[in-house]
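# Coordinate inspection notes
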4 protein chains.
Amino acid sequence: MKNILGNYLTVTLFGESHGPCVGATLDGIAPGIRIDTEYLKREMDHRRASGELATSRKEADEVQFVSGVKDGYTEGTPLTVLIMNQNVRSSDYDSVAHLARPSHADYTAEMKYLGYQDVRGGGHFSGRLTAPLVALGAIVKQALEEKGVYIGTHVASVADITDDALPKDNIKEVIEMLNGKDFALLNDAKKEDISKAILDAKAEGDSLGGVLETVVCGLPAGIGEPYFDSLESTLSHGLFSIGGVKGVEFGDGFALTKMKGSEANDPLCMEDGKVVTESNHAGGINGGISNGMPIVFRTAIKPTSSIGKVQKTVDYKTMEEAELQLEGRHDPCIVLRARAMVDAVTALVIADALCARYGYLYLRSEK
Amino acid sequence: MKNILGNYLTVTLFGESHGPCVGATLDGIAPGIRIDTEYLKREMDHRRASGELATSRKEADEVQFVSGVKDGYTEGTPLTVLIMNQNVRSSDYDSVAHLARPSHADYTAEMKYLGYQDVRGGGHFSGRLTAPLVALGAIVKQALEEKGVYIGTHVASVADITDDALPKDNIKEVIEMLNGKDFALLNDAKKEDISKAILDAKAEGDSLGGVLETVVCGLPAGIGEPYFDSLESTLSHGLFSIGGVKGVEFGDGFALTKMKGSEANDPLCMEDGKVVTESNHAGGINGGISNGMPIVFRTAIKPTSSIGKVQKTVDYKTMEEAELQLEGRHDPCIVLRARAMVDAVTALVIADALCARYGYLYLRSEK
Amino acid sequence: MKNILGNYLTVTLFGESHGPCVGATLDGIAPGIRIDTEYLKREMDHRRASGELATSRKEADEVQFVSGVKDGYTEGTPLTVLIMNQNVRSSDYDSVAHLARPSHADYTAEMKYLGYQDVRGGGHFSGRLTAPLVALGAIVKQALEEKGVYIGTHVASVADITDDALPKDNIKEVIEMLNGKDFALLNDAKKEDISKAILDAKAEGDSLGGVLETVVCGLPAGIGEPYFDSLESTLSHGLFSIGGVKGVEFGDGFALTKMKGSEANDPLCMEDGKVVTESNHAGGINGGISNGMPIVFRTAIKPTSSIGKVQKTVDYKTMEEAELQLEGRHDPCIVLRARAMVDAVTALVIADALCARYGYLYLRSEK
Amino acid sequence: MKNILGNYLTVTLFGESHGPCVGATLDGIAPGIRIDTEYLKREMDHRRASGELATSRKEADEVQFVSGVKDGYTEGTPLTVLIMNQNVRSSDYDSVAHLARPSHADYTAEMKYLGYQDVRGGGHFSGRLTAPLVALGAIVKQALEEKGVYIGTHVASVADITDDALPKDNIKEVIEMLNGKDFALLNDAKKEDISKAILDAKAEGDSLGGVLETVVCGLPAGIGEPYFDSLESTLSHGLFSIGGVKGVEFGDGFALTKMKGSEANDPLCMEDGKVVTESNHAGGINGGISNGMPIVFRTAIKPTSSIGKVQKTVDYKTMEEAELQLEGRHDPCIVLRARAMVDAVTALVIADALCARYGYLYLRSEK
């Protein structure tokens, strides 16, 4: 498959930045899931431009359900959302039509689509396409909560400014606290430093990256597959489909490579009659399958490629070297907003694995 | 899909550590690929136990082609390899039958398979399953070389001992040099330190992890997909299916999160009439699609979970806490051998993306 | 997958009869296919209500391209079409909301979707969803013609009135002739009898079925797969997704069961230096793979389930028996229109098989 | 996908007629299914050559489980069966190596595999590959019976000799009666005529075809999907993967095209508090989804292509016309044996649809 995420619960994306709309179709979703519009709005707001820290492009991002929803509940048929594109200023892009923006998909899209792709605003590669993805993810994330599975993400770091570490206990409360925040930090005192760093970068016409840390609690043990559909495989597959993601690690990830087995292993013990592990270096996954502990992973997001500084590049039509200075609206740091995409992808992938075990009707709301 | 890697060129694994054999089926492989048995043997040797640094379990690992190969060439029909299991000492495992080995799949397999799984030697979760995977990957890796696409991996680090950095130039020669080595280092002087560290860990009944760095050269620009089948998505999907892998990063990966956009972006320029980038922080992938530069990624491999030290665990039948001391043959560090699995998965995923663009016959040998 | 047709070139459908729109997404389509709006309109017209012989529901069925098309050419990115729903008279359906229309999907949808489905106009099961399918099929059918592959369908029979048999020669000309007709008959003299039979049925509040015969010429030998993706498997998979289709046979199909092998076999011979078969009882497919002869198959379409006569049924909410007399606009015979759906599905499935062999770029227009 | 049947419960086939073995892998099968070896043997015997009516090639067809089975129960991991090839007389085929057997896959395989395919005994296209398919299907068919879903097939006709029609009632008993017979007839009195017709054809060096009628009872309403994974789509997909199948019809199939809607519709009524239909012209499927009535379909099987008579053909290496008279062991009529393949495919497809709704664990045995 090409443009499809999931085996049982599948998502297909479509649209372009400067086309009439962006959209996505969710297939395999159970009937009878009540759509909480406040919940949906909150997740969409997490993704949207948040004031001076983000792009100045403003979009209402109103989610239109054109299929699969009736009277506020999923029907069980393909669920398609559309989000109209507004406030499009193509002129911002005309000047750079054939100058490949460094580390953007301009040149690779030209090589793949042979010149037929829409280059305005990045066309199909625009971050705009994550809007319908977040909308679908929100519906599934909310449905998972009814099943006791909670997903949350915090900004573990921006540049070299780090948030606090995840606590070991009360994960559900921590997740709900994070989901209630626009600025997803465990330690709110870091907000000022991070904001300043982003604004400084913006003032320089530059950008910053960071790391998002995600935790999933309430996932029962035994979910996932060995080998090719390990939870790490399917989660990373989804996470790397988000623009700007260049690294994913589970549990202690790369840090595990410096530990000894005796340090890295998670001893098992009994707690309230339940098998748990004393530590969670593995991030809740052994052999590709959930062990009942919180799923923990970290996603590396590169600094935004669109910067205001003059850059060397190539005109891919004339094949001549050139200089490029981007006009228009750019996001100095997408890390804060990316938490919404990461949560959406996580919800979709986890729900897919749950449907594999429990079937198509698993996600429906209890009456 | 569950046990399937790839969309066009697909792999299915089967078998268990202590069953009659392990095997795999490769479907969608072009007819007319000449199988170089020396090349295959070399890749299999890269995966095999290498003396004192690895497990003392010895296997001939002779690859039997039971389908899809005739007169030394692929037929184009499903290609199935079997590798018989030998030298099986189940008694090593009887004593620990229901004591979950910490950070192994014992407990998660019990939760998924409800007690019906074969626990001997890890059963289906055994590293033995990577033998047929490496065999299939070797056939594809060799076929890719005929198309000018070369794949190689070096041991970037074991514990805190690091190999040299990848050179910027002559990547093809570097890859061929690495593929010619049993101990995949750019700087052979590191071999002694790494060997000593592994043997020291072994002596302590402990284990080590490390990082593998892989480079692919010769891949044309325009290969891959936006979003859900980005090269990062499909490569990481395959890489995380290898036991012990807990992190994957492309290009500068997590280090990118500490750079500014102006540092992280790769300026484009012309070289010999070809578009290239001056740096390669992106690891040769923009927007999920190859840009013609070498594909570079790093794979984090945790220290082997099987250690000789006494560990706390749980008997998952009696649900009682217990102590466990593993007998038997364990690998103090799988990093050296894992390069073969990483190369195999990389070859399969890259070939799959090439077949998507160029079709089923692309990989066949030129006459 | 659930709502997806194809492996390489994939289609996803969405929408409901009385929702805002119906639509479909085509993924894996090559860039650079020029969209011939006249060709598209013609195929859409073949599907649309044609006067007194069909439903009185009138729809403009204007195809809106909201993704994947720029300046009249495919971009190579996901291609999404929307067709707005107009002229909706839900009141026609209110009276029968919970009375299952016999041989419709009302009851089965209730069983699958547990009461959450949209029942108005059949909801997601409405024939309306074939409009975007025909639109996508038309784009692919036209692209196939540029590659020398032509697809056409005639009304082999309506009730017991039969059209002439397909000629053996000049298939391409025959196909172009059929594609130029609104009433797809080889023998136009049959039009009057068929029209009268349909109008008589309509007058009685009844409906008729029939058989469509499709021929594909220009498909090279060697396309398809053994076993699970045989051309018969993939074509029938697509054809049976069209509402009302209850039978599919290739070549002489069921008639072959009464022949002896010596009669049913197609002797091979040389013609103009090309291998051909003297007869084509196999319908151009041996072992699931095309043999270079025309692909021929027949599709059985049941009489429309919506009839004006009083019928016995059940109220699936009260579980009481009831009588039902349908109001509203019903099609006394969908056979004439179904040729457009059959052509669309055939184009999509054949193109998928060609892309498997020749790659993603195969369908693009030559400049 | 190419060589894969199913979405959730998937089958992959491999092997060649004259290779070491044929085999298949079943993935997604629940753990804890007790394998009834008598049941398995019976299904394998249904497929095997039965005396003078079939090929004289004798195979033990012993099913070896090399993965996924422990202590007589499925483990839940990939289940692979191997069946060794014995009694191979390649010499029978040497003489015809490059003479395409009319209506066989010889020529199409040459076009697809470019001369690299194994032509001995049809290679990968051999009916031998249905042996592992039947073995896997038997395991699933037996598991379905524990869930109350029964599958049976009778020989509806051979040439122009017809069996009795399926009774309307006691379907389960009828199915069990058929499954207990080697010669699957409702009316045993037809056995003599059919046997004589087959032996007469054999004596003439000719062959016969026929129609199989399959019935599935106990399938709950609500199973299947609209459009692309309708039960008709997935069942026909699997059925047409069986060699020699050239037609599939559901319910009254092609006969429906001559009925009026008022005759073809199945009125709903209540029976013992359950919704049923008075007739079953639709074969238990409306809108692609089961309605709770028996699933009924008919499969057209052409006369065996291998006949002893002299036939015109082409040498696909020299491209010269030639005459061919086949030596060796040929089956004058595969219809009797094909019922085993049809049952196997039906079980796999129906189970796949049930797993979609009820999840991966659905098929496990109750303790």
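Preceding this paragraph is the structure being described.
What counts, and where the lines are drawn
Residues numbered from 1 in each chain as written. Chains lettered and ligands numbered in written order. Predicted model: local features only at pLDDT ≥ 70, side-chain atom pairs only at ≥ 80, totals over all residues. Heavy atoms only, no water. Helix = DSSP H or I, 4+ residues; strand = E, 2+ residues; numbered from the N terminus. Buried < 20%, exposed > 50% of the residue type's maximum accessible area, 1.4 Å probe, protein only. Contact = heavy atoms within 4.5 Å. Least-squares fit on C-alpha atoms with pLDDT ≥ 70 in both. Buried area = accessible area lost by both parts, 1.4 Å probe. Salt bridge = Lys/Arg side-chain N within 4 Å of Asp/Glu carboxyl O. Nonpolar A, V, L, I, M, F, W, Y, C, P; charged D, E, K, R; others polar. Pairing = 2+ DSSP bridges. Axes fitted to C-alpha atoms, helices over the stretch in contact; angles between N-to-C directions. Core = buried A, V, L, I, M, F, W, Y, C linked by side-chain atoms within 4.5 Å. Phe/Tyr/Trp six-rings, centres within 6.5 Å; stacked < 30°, edge-to-face > 60°.

### Details of the environment of tyrosine 107 of chain B
- With respect to the helices and strands, tyrosine 107 of chain B occurs in helix H3 (residues 106-113).
- In this structure tyrosine 107 of chain B comes out as buried when scored by relative accessible area, which is 10%.
- Not counting residues within four places of it along the chain, the set of residues in contact with tyrosine 107 of chain B comprises Ala221, Leu268, Val275 and Asn291 of chain A together with Ala100 and Tyr316 of chain B.

### Regarding unusual backbone geometry
- If you check the backbone angles, aspartate 272 of chain A has positive phi at about 50° while not being a glycine.
- Inspection of the secondary structure assignment puts aspartate 272 of chain A in the loop between strand S12 (268-271) and strand S13 (274-277).
- Residue classification places aspartate 272 of chain A among the exposed residues on the basis of a relative accessible area of 77%.
- In the Ramachandran plot, aspartate 71 of chain B falls in the positive-phi region, its phi being about 55° despite a non-glycine side chain.
- With respect to the secondary-structure elements, aspartate 71 of chain B resides in the loop between strand S5 (69-70) and strand S6 (73-74).

### Some thoughts on the relation of the copies chain D and chain A
- Turning chain D through 180° and shifting it by 0.0 Å along the axis lays it on chain A, with an RMSD of 0.0 Å. Look at the turn and shift together and you get a two-fold axis relating the two. When C-alpha distances to the rotation axis are compared across chain D, the minimum falls at glycine 359 of chain D, with a value of 1.9 Å.
- Comparing contact sets, 100% of the residues at the interface of chain D also lie at the interface in chain A, consistent with an isologous, same-surface contact.

### Examining the interface of chain D and chain A
- At the interface, 8 residues of chain D touch 8 residues of chain A.
- Of the roughly 730 Å² buried where chain D meets chain A, counting both sides, 58% is carbon and sulfur surface.
- Our count for the chain D to chain A interface comes out at 0 salt bridges.
- The class makeup of the residues in the side of chain D that touches chain A is 6 nonpolar, 1 polar and 1 charged.

### Description of the interface of chain B and chain A
- In this assembly, 99 residues from chain B lie in contact with 99 residues from chain A.
- When the two sides are added together, the surface that chain B and chain A hide from each other amounts to roughly 8,400 Å², 59% of it contributed by carbon and sulfur.
- Per-residue buried area on chain B facing chain A is highest for Tyr227, Phe228 and Lys246 of chain B; these three make up 12% of the total on that side.
- The interface formed by chain B and chain A includes 8 salt bridges.
- Residue glutamate 225 of chain B is joined to lysine 112 of chain A by a salt bridge in which the shortest nitrogen-to-oxygen separation is 3.3 Å.
- If you tally residues by element for the side of chain B that touches chain A, the top one is strand S11 (residues 245-250) of chain B, at 6 residues.

### As for the sheet that holds strand S9 (residues 161-162) of chain D
- With respect to topology, 10 strands assemble into an open sheet ordered S9(C)-S8(C)-S10(C)-S16(C)-S11(C)-S11(D)-S16(D)-S10(D)-S8(D)-S9(D), the strand pairing being antiparallel. Only two strands of the sheet have a single neighbouring strand rather than two, namely strand S9 (161-162) of chain C together with S9 of chain D.
- When strand S8 (residues 150-158) of chain C meets strand S10 (residues 210-217) of chain C, the two strands line up antiparallel, connected through 8 bridges. When the sheet's bridge partners are listed, tyrosine 150 of chain C is paired in S10 of chain C with cysteine 217 of chain C.
- Contacting strand S11 (245-250) and strand S16 (295-301) of chain C together with strand S11 (245-250) of chain D, helix H7 (residues 231-239) of chain C crosses the sheet at an angle of about 155° to S11 of chain C.
- Of the strands in this sheet, strand S8 (150-158) and strand S10 (210-217) of chain D touch helix H5 (residues 171-179) of chain D, which is tilted by about 70° from S8 of chain D.

### Some thoughts on the sheet that holds strand S2 (residues 10-15) of chain A
All names here are of chain A.
- Read from one edge of the open sheet, 5 strands run S1-S2-S3-S7-S4, paired in antiparallel fashion. Among the strands making up the open sheet, the edge pair consists of strand S1 (4-5) and strand S4 (64-67).
- Bridging between S4 and strand S7 (residues 79-84) involves 3 bridges; their strand directions are antiparallel. Counted as the bridge partner of glutamine 64 is leucine 82 from S7.

### As for the nonpolar core
- Counting residues in each nonpolar core, the largest one holds 337 residues, and the members touching the most others are Leu363 of chain A, Leu363 of chain B, Leu363 of chain C together with Leu363 of chain D.
- Filtering out sequence-adjacent residues up to four positions away, leucine 363 of chain C remains in contact with Leu9, Ile29, Ala30, Ile33, Val140, Ala143, Leu144, Lys147, Ala351 and Cys355 of chain C.

### Some thoughts on the packing of aromatic side chains
- For the structure shown, the criterion picks out 26 aromatic pairs over all chains.
- On the basis of an interplanar angle of 0° and a centroid distance of 6.2 Å, the ring pair of phenylalanine 14 of chain B and phenylalanine 14 of chain D is categorised as stacked. Linking phenylalanine 14 of chain B in strand S2 (residues 10-15) with phenylalanine 14 of chain D in strand S2 (residues 10-15), this pair reaches from one chain into another. For the residue pair phenylalanine 14 of chain B and phenylalanine 14 of chain D, the accessibility class agrees, reading buried in each case.
- For the pair phenylalanine 250 of chain C and phenylalanine 297 of chain C, a centre-to-centre distance of 5.6 Å together with 50° between the ring planes defines the contact as tilted. Remark: phenylalanine 297 of chain C occurs in strand S16 and phenylalanine 250 of chain C occurs in strand S11; sequence separation between them is 47 residues.

### Quick look at the pattern of salt bridges
- On inspection of all chains with the given rule, the structure shows 88 salt bridges over all chains.
- Among the salt bridges present, the one from lysine 70 of chain A reaches aspartate 71 of chain A, with a minimum N-O distance of 3.8 Å.
- Residue class for lysine 70 of chain A comes out partly exposed when judged on its relative accessible area of 23%.
- Residue classification places aspartate 71 of chain A among the exposed positions, given a relative accessible area of 67%.
- Lysine 41 of chain D is the salt-bridge partner of aspartate 45 of chain D, the closest N and O atoms lying 2.7 Å from each other. Here aspartate 45 of chain D and its partner lysine 41 of chain D are both found in helix H1 (residues 37-47), 4 residues apart, which amounts to about one turn of the helix.
- Residue classification places lysine 41 of chain D among the partly exposed residues on the basis of a relative accessible area of 46%.
- Connected via shared salt-bridge partners are Arg42, Glu43, Lys141 and Asp343 of chain A.

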